[in-house]
Protein chains: 2
Amino acid sequence: MRKGIRAVLEDEPEIERLVEAENGEAAFDKLNKEVFDIALVDIEMPKMGGIGLLQKVMKEKIKTKIVFLTMHKDKDVFDQAMNAGASGYLLKENAVDDIVECLHAVQQGGYFISPAISGYLVQRLQKQAEPLSTIPYVDQLTNAERAILKHIAEEKTSQQIADELFISPKTVENHRNNISKKLHLSGTHSLLKFALSNKDLLK
Amino acid sequence: MRKGIRAVLEDEPEIERLVEAENGEAAFDKLNKEVFDIALVDIEMPKMGGIGLLQKVMKEKIKTKIVFLTMHKDKDVFDQAMNAGASGYLLKENAVDDIVECLHAVQQGGYFISPAISGYLVQRLQKQAEPLSTIPYVDQLTNAERAILKHIAEEKTSQQIADELFISPKTVENHRNNISKKLHLSGTHSLLKFALSNKDLLK
DNA sequence: AATTATATAGGTGAAAGCACCTAGAAGGTC
DNA sequence: GACCTTCTAGGTGCTTTCACCTATATAATT
């Protein structure tokens, strides 16, 4: 595997130097002593492992970008890697084909994710973008109640909302109560908590 | 372009039928009359456009998955497409190489994003994952204060926090006050609002 | 005509949080 | 020893929210 990648990279004129390391610790030593643009790291690496190396690199504020190579399409590993700050995530099955494009993208400050993995990213985004309508009972709210809810999500007090809508603070209070009942919320500041938790969804 | 892709797809034994449409409206008519697994759509399509087609497909609850083809690496267009519910986003430059893999992934309920585009997804995720340390003044908090703040973010009252930590509710109140001062927060429930807004960052 | 839903407004009492105080105990620093 | 910070605990007064009431005007529905 390493030989195949090395062969491809040696053909690239833009690559000035090509250095290899046997394991995680040896790799970190080299990254710590000398400045490299990009490190291509096997995630299942002996001693420290790829993600451990990345965490050390981030901690020491070494500017070298880390691109991971892996055989497995494990979602958890991928999540860990991206959370830790990886710049690229390449499946070995695609590596030889995509490596040059990947290094270009990363060199220019971008990211490169093997397409077979990119679905995980989409899922993570869509989880956060669930529509308001999926929250139970929200569809039972009237227009006035919805309007009040939006203002609550904007961190306004009942008094402030009343001033803005030219209605009595008592009316706002009543709407709050009705909203709480419709959403089956109870307890102290539960409505405020709900509104803030679903801030993004309230547009 | 279309001929190249057609040639590749005709070689695939798993593809039972291959139907083409001249523009967005014609495509929607066909998707509406007959059930297809996947539609490969040029985003810059005459009449309606690719994203318009996707929105209509979603609205009518047609189960056909939509994969977009495009020449441009425009971030806004990509965002629109993914928000609308696209299953795939293929750059034309990679299309012939990746199309088969793409269709396989989508057919199995997954997603496929051209790697040159996948960086946009990472950026969107990282925007939401900004570290807690970037919030001003947070580093001035003591350990006890940080602990209290986490509990507040978990939507607990001072009384509840006091019970869990075996301290007086008044102590919790005092910590709240000190936290508010250190974070330069003031006003009603400002601390609760802060804690909830930064919930994810408080781990 | 009667009913229902909605928006409006008010009352009361309780719980929670905020702001501003004091103060003791324990720890480290100069 | 004097000083500072942190954690602890309490007091007082105020605002906000909550929960549970009543009540009127209006519009839509039956």
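Attention in this report is confined to the structure presented alongside it.

Next up on the list: the interface of chain B and chain A. Between chain B and chain A, the residue contacts involve 26 residues of the former and 26 residues of the latter. Area buried by chain B at its contact with chain A is led by Y111(B), L125(B) and K193(B), which between them contribute 25% of it. Taken together, the connections running from chain B to chain A amount to zero salt bridges. Taken together, chain B and chain A are joined by five residue pairs in polar contact (both at pLDDT 80 or more). Of all the elements in the fold, those that place two or more residues in the side of chain B that touches chain A are helix 5 (92–107), strand 4 (112–113), helix 6 (115–128) and helix 10 (190–197) of chain B.

Let's shift gears to the protein's contact with DNA strand D. Surrounding DNA strand D, one finds 24 residues, the nearest of these being S158(A), G187(A), T142(B), S168(B) and N174(B). In DNA strand D, atoms within 4 Å of the protein come from the sugar-phosphate backbone in 65% of cases. At 2.9 Å, a side-chain N or O of T171(B) approaches a phosphate oxygen of DNA strand D. Take N174(B): an N or O atom from its side chain is 2.6 Å from a base nitrogen of DNA strand D. Elements supplying a minimum of two residues to the surface near DNA strand D: helix 9 (169–182) and helix 10 (190–197) of chain A together with helix 7 (143–153) and helix 9 (169–182) of chain B. Among the residues forming the surface near DNA strand D, the class breakdown is four nonpolar, 16 polar and four charged.

Two faces belong to every sheet, and in a regular strand the side chains alternate between them. All names here are of chain A. Because side chains alternate across strand 3 (residues 88–91), one face comprises the buried residues G88 and L90, and the other comprises Y89 and L91, equally buried. Bridge count between strand 2 (residues 65–70) and strand 3: four bridges; the pairing is parallel. Its bridge partner lying in strand 3, V67 is registered against G88. With helix 4 (residues 75–84) bridging strand 2 and its parallel neighbour strand 3, the resulting β-α-β unit is right-handed. Two elements, strand 3 and strand 4 (residues 112–113), share two bridges in a ladder whose sense is parallel. The residue of strand 4 that forms the bridge with G88 is F112. In terms of handedness, the path from strand 3 via helix 5 (residues 92–107) over to strand 4 forms a crossover that is left-handed.

Close to DNA strand C lie 23 residues, the nearest being T142(A), S168(A), T171(A), N174(A) and G187(B). With respect to DNA strand C, the side chain of N177(B) contributes an N or O atom lying 3.5 Å from a base nitrogen. A distance of 2.8 Å separates a phosphate oxygen of DNA strand C from a polar atom in the backbone of G187(B). Residue assignment for the surface near DNA strand C shows that the elements contributing at least two residues are helix 7 (143–153) and helix 9 of chain A together with helix 9 and helix 10 of chain B. No other element matches the five residues that helix 9 of chain B contributes to the surface near DNA strand C. When grouped by side-chain class, the residues that make up the surface near DNA strand C number three nonpolar, 16 polar and four charged.

What counts, and at which threshold
- Residues numbered from 1 in each chain as written.
- Chains lettered and ligands numbered in written order.
- Predicted model: local features only at pLDDT ≥ 70, side-chain atom pairs only at ≥ 80, totals over all residues.
- Heavy atoms only, no water.
- Contact = heavy atoms within 4.5 Å.
- Buried area = accessible area lost by both parts, 1.4 Å probe.
- Salt bridge = Lys/Arg side-chain N within 4 Å of Asp/Glu carboxyl O.
- Polar contact = N/O pair within 3.5 Å; in protein donor to acceptor, adjacent residues only side chain to side chain.
- Helix = DSSP H or I, 4+ residues; strand = E, 2+ residues; numbered from the N terminus.
- Near = heavy atom within 4 Å.
- Nonpolar A, V, L, I, M, F, W, Y, C, P; charged D, E, K, R; others polar.
- Buried < 20%, exposed > 50% of the residue type's maximum accessible area, 1.4 Å probe, protein only.
- Pairing = 2+ DSSP bridges.
- Right-handed = clockwise from strand over helix to strand, strands pointing away.

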